[in-house]
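Residue strings, one per chain:
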Amino acid sequence: MRIQCIGRSPPHARVIVPREAPVTWTATYAPALGAPVIQQRQWPTMNRPVQMSVLWFRHGLRLHDNPALLDAISGPPSMFFPIFIFDGESAGTKVIGFNRMRFLLESLADLDRQLRSRGGRLWLLRGDPSKIFQRLWEELALTKVCFEQDCEPIWNERDQSVRATCAERGVRCEEFVSHTLWDPKAVIYANGGLPPLTYQMFLHTVSTLGEPPRPVEDPDWTGVTFGTLPPRLVKEFQVFDEVPKPEYFGLSQPGYGLVRWIGGETRALQHLRERLTQEEQAFRKGIILPNQSRPDLLGPPTSQSAALRYGCLSVRRFYWNLHDLFNAVSQGDPPAGLNISGQLIWREYFYTMSVYNPHYAEMSANPICLDVPWDKNPTFLEKWKKGQTGFPFIDAAMRQLVSEGWIHHVARNSVACFLTRGDLWISWEDGLAFFLEHLIDADWSVCAGNWMWVSSSAFEQLLDCSKCLCPVNYGRRLDPWGEYIKRYVPELRNLPVEYLYEPWKAPLDVQRDAGCIIGDHYPERIVDHQRASNQNRQYMENIRNSLLEQPAHCCPSNQDEVRQFMWLPDECVGHITAKIA
Ligand SMILES: Cc1cc2nc3c(=O)[nH]c(=O)nc-3n(C[C@H](O)[C@H](O)[C@H](O)COP(=O)(O)OP(=O)(O)OC[C@H]3O[C@@H](n4cnc5c(N)ncnc54)[C@H](O)[C@@H]3O)c2cc1C
């Protein structure tokens, strides 16, 4: 039984089901006709236009907790096209290094595998999304485009253009909030139209909104018919038969690359199960946020940040699994509060702050960032990027970042402080640009927000602490035996541990015995930390004094938060006070 197709040109290309149509059909594409043909499909209701729906994946690369997917396959019988478009910017591909591209492509491959096991595939196209949707409408009488909200302002232009294209052609565009726990726009609204500038302010605002929604159910694939793209479109836009490799996009593996992070929903859900086991053990001992309270720099990769960044894991699944687990362990006394998933809330906070601020990742034009007169020092910046500062802990972290695409939060804090207010007095915008290229979890708002918070909070005197944020002491607290340094700065591996963090102090015969002459095999330190940090503290004080009052800007809420976020020792407050006095 063939479906009547009225005309070729789009306004008439509605596919009409004849009254006498059989109840069981399947959709296939008939190239000769240039229009879809429906056969063998369960379709009890007659006289309805066939729905051609697209799920446009950008982030949200998963099948679980995916309201856009549920909508795309719901409603009247439809032909369903899951697609991802390489448009040179979606999913953060404008600035992207090898490791993140690999993670993204692995995630797409995982999605493709899962869809193929259900009789479909993920269509990977290259081109401009608006043009692609226009052509899908012309060729297939597209009726509906569903996608997950990309809340950051950098996606506005792309999404507005697609919405306009769809609106002109009567194609429904459906957007769903599922990349964040709450709709960031609703949070701003609840905060009187203003971004909550501190984390505490954010907590207060979301408490007025109530708990975030629970994840939606898994998709029911019964009766879902996957569509096939017409050959004309396949010729017109580049359509990939299989998921390409990063090399295809001109990216090459950094020399000493170690692959520790694998993209995709399947792996993310497996990691989640492992993570929940760890969390349960911690809850039973009365500990929360075990990942942050006991940083493990060398342990197996358990971070979910890249999976969350690409939406391979639903943040709502993670949040509710944690909360339900805590309530089960504590038997509701005390009930789970936002503190047990505090890190996820930080993610929300940074997304929300950026939602109406296109200048969020800049300094001067950004209304919520203090304008700090940083230096330009290309030589120091280059040494920082290459892990050649002469401070082994900083260098280990920067080398791990470039080779693996991930470093622990405490290491991020350390290298961010070192680049900015701690030692080099170089703008956080330079650090951000490098992180955005190399981190597998690099996220425009989360990354910019963290950099801004760490480096530009001039009024936070705890962040002036030259002792606690010292690249030597900080590393030593985290990794007393220097195992981390030995892994990523192998030229220092034979140096006795007492010199590992300050190799410039090692006597020459010790250096010779270790086979590492400082200044020859490993660089001299580029600054004297004590001198540099004293000077920078003075700069910060000058900025504070020059401002008559504290302008509203993104900053820490209080000292406890700084101590927790930066993993500073409890005694830190005392010694700051002593120093100031
Ligand atoms: C300078 C700097 C830049 C950063 N850039 C990014 C970035 O681009 N993308 C990113 O996801 N994280 C970023 N972070 C935050 C944090 O370091 C990582 O999210 C964290 O290391 C991930 O490890 P985890 O998954 O083990 O975290 P967990 O402790 O297990 O936390 C769970 C999740 O919460 C989120 N999260 C944790 N800490 C933060 C935080 N401070 N801010 C926002 N979200 C957080 C992440 O999605 C993380 O996976 C940055 C931190 C700093 C200091």
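Residues numbered from 1 in each chain as written. Predicted model: local features only at pLDDT ≥ 70, side-chain atom pairs only at ≥ 80, totals over all residues. Heavy atoms only, no water.

By the naming in an unreviewed UniProt entry, the protein chain goes by Cryptochrome-1 and is assigned to Cloeon dipterum.

Colleague: Can you break down the packing of helix α14 (residues 392–404) against helix α15 (residues 409–422) residue by residue, with the values?
Modeller: Relative to each other, α14 and α15 sit at 115°, their axes nearing to 10 Å. With respect to their mutual orientation, α14 and α15 come out roughly perpendicular. Handedness of the α14/α15 crossing: left-handed. Residues Phe393, Ile394, Ala397 and Met398 of α14 form the contact with α15, whose own contacting residues are Ala411, Ser414, Val415 and Phe418. Residues that form the contact of α14 with α15 fall into these classes: 7 nonpolar, 1 polar and no charged. (Axes fitted to C-alpha atoms, helices over the stretch in contact; angles between N-to-C directions. Helix = DSSP H or I, 4+ residues; strand = E, 2+ residues; numbered from the N terminus. Parallel < 35°, antiparallel > 145°, perpendicular 65-115°, else oblique. Left-handed = near helix turned anticlockwise from the far one by under 90°. Contact = heavy atoms within 4.5 Å. Nonpolar A, V, L, I, M, F, W, Y, C, P; charged D, E, K, R; others polar.)

Colleague: Let's hear about the confidence of the model for the protein chain: which residues, and what values?
Modeller: Here the protein chain shows a mean pLDDT of 88. Residues at 70 or above account for 90%. Scored below 50 in pLDDT, residues 1–49 makes 103 contacts in the model with residues more than four places away or belonging to other chains. pLDDT under 50 marks residues 574–581. Its contacts with residues more than four places away, or in other chains, come to 11 contacts. (pLDDT = per-residue confidence, 0-100.)

Colleague: Run through empty space enclosed by the protein, naming residues and quoting values.
Modeller: Following the criterion strictly, the structure yields 4 cavities of 30 Å³ or more and no others. Considering only enclosed or pocket space, the largest cavity measures out at about 760 Å³ in volume. Of all the secondary-structure elements, those providing two or more residues to the lining of the largest cavity are α8 (265–284), α9 (290–293), α10 (305–309), α11 (315–330), α12 (342–354), α15 and α17 (444–455). Class assignment of the residues belonging to the lining of the largest cavity gives a composition of 19 nonpolar, 11 polar and 7 charged. (1 Å grid on protein atoms, 1.4 Å probe; cavity = no way out; pocket = protein on both sides within 12 Å on 5 of 7 lines; lining within 4 Å. Points joined across faces, edges and corners; volume = space filled by probe spheres on them.)

Colleague: Hey, could you go over the UniProt feature "site: Electron transfer via tryptophanyl radical" (unreviewed entry) in the protein chain for me, with residue numbers and the actual values?
Modeller: Sites flagged by UniProt as "site: Electron transfer via tryptophanyl radical" (unreviewed entry) map to Trp374, Trp428 and Trp451. The largest pairwise C-alpha distance within this set of annotated residues, which runs over 78 residues, is 13.8 Å, so the set is compact in three dimensions. Lining residues of the largest cavity drawn from the annotated set just named are Trp451. Along the chain, Trp374 falls in the loop between α12 and α13 (378–386). In contact with Trp374, not counting residues within four places along its chain, are Met363, Thr420, Arg421, Trp425, Ile426, Ser427, Trp428, Ser455, Ser456 and Met540. Note on placement: Trp428 falls in helix α16 (residues 428–438). Ignoring any residue separated from it by four or fewer positions in sequence, one finds Trp428 in contact with Tyr360, Ala361, Glu362, Met363, Cys369, Trp374, Thr420, Ala448, Trp451, Met452, Ser455 and Ser456. (UniProt positions renumbered as here; feature names shortened; annotations may be inferred.)

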